[in-house]
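Here is what each chain is made of, one letter per residue.
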Amino acid sequence: MPQEVDAVHTVKHWFSDSLIGQGLLVLVLGVGLGALFRRDEHPGLWMVQGVLYTAVVMGTLAVQRHRTSRATGAGPRTIAGLNRKIRHREVPRDPEERAVMRRLLDDQLAKIERGERWLPYWLGVMGLVAVGLLVLGATRGSLGYSLGVAVLVAGFILWLLWMRRRTLELYHHMRAALREHA
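All values reported here derive from a predicted model rather than from experimental measurement. (Residues numbered from 1 in each chain as written. Predicted model: local features only at pLDDT ≥ 70, side-chain atom pairs only at ≥ 80, totals over all residues. Heavy atoms only, no water.)

Thoughts on the overall build of the protein chain
In terms of regular secondary structure, the protein chain is built from seven helices and zero strands. Computed over its C-alpha atoms, the radius of gyration of the protein chain comes to 21 Å, more than 25% above the 16 Å expected for a compact globule of 182 residues. Here the protein chain holds 182 residues, and 26% of them are scored as buried. Counted over contacts in the protein chain with a minimum sequence separation of 6, partners at least 24 positions apart contribute 60%. When the accessible area of the protein chain is evaluated, it comes to approximately 12,700 Å², of which 67% is carbon and sulfur surface. Placing the 24 positive and 15 negative side-chain charges of the protein chain at their respective mean positions leaves the two points 5 Å apart. (Helix = DSSP H or I, 4+ residues; strand = E, 2+ residues; numbered from the N terminus. Rg over C-alpha atoms; globule rule 2.2 N^0.38 Å. Buried < 20%, exposed > 50% of the residue type's maximum accessible area, 1.4 Å probe, protein only. Contact = heavy atoms within 4.5 Å. Areas by Shrake-Rupley, 256 points an atom, 1.4 Å probe, with all protein chains shown as cover. Lys, Arg positive; Asp, Glu negative; His and termini not counted. Charge placed at Lys NZ, Arg CZ, Asp CG, Glu CD.)

This is the structure we're talking about:
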């Protein structure tokens, strides 16, 4: 049993740390969603769309990792390990690693603060989309579908707000824990 648990953790860490693992996951999801929602199209088109989606997501992730690496002065693998420690509320023992974690926390909190200005507008646009779909569904007779999408949009908004609050709580907790170990 312990070997099975270790294998699961190894695969989980590979998907969270490796850009290739994340790319494979996006590719499989892109092709699977294409096959699910576009059954009438050729399977080759599903693959082309999946590769295109993967290229866009991987490019975005690579740029994001590069910016974070430049801001913290650490490599992507180190940052992935530090993010894991933040999620598990583990304070590094090494003073150099704590310094990198401080820079990482400062960088991530600055990103959240920059995005905070636009958050109400994005949430408002998503809410307008949900209300617009409800109105269209009520006037066109397909209220069930539009109600389902509106509920999904509302759930997504609530999930975003919950994740943001949880992330801020984690970052502030780690910042306070690092101050205690300074």
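Digging into the side chain of Gln22
Mapped onto the secondary structure, Gln22 falls in helix H2 (residues 19-37). If we skip the residues at most four places from it in the chain, Gln22 touches Phe15, Ser16, Asp17, Met58, Leu61 and Arg65.

Let's talk about the pattern of salt bridges
Within this structure, the stated rule accounts for five salt bridges. The closest approach of N and O atoms between Arg164 and Glu116, which form a salt bridge, is 3.2 Å. In this pair, Arg164 sits in helix H7 (residues 143-180) while Glu116 sits in helix H5 (residues 95-116), placing the two residues 48 residues apart along the sequence. By relative accessible area, which is 26% here, Arg164 ends up partly exposed. (Salt bridge = Lys/Arg side-chain N within 4 Å of Asp/Glu carboxyl O.)

Digging into a nonpolar patch on the surface
A surface patch of nonpolar side chains, about 660 Å² in accessible area, is lined by Val11, Trp14, Phe15, Ile20, Leu24, Leu25 and Leu29. Elements with a contribution of two residues or more to the nonpolar patch: helix H1 (2-17) and H2. The leading source of residues in the nonpolar patch is H2, at four residues. Residue placement: Leu29 occurs in helix H2. (Patch = residues over 30% accessible without salt bridge, like charges linked within 9 Å, V, L, I, M, F, W, Y side chains within 5 Å.)

Don't take any of this as a statement about function, it's just geometry.
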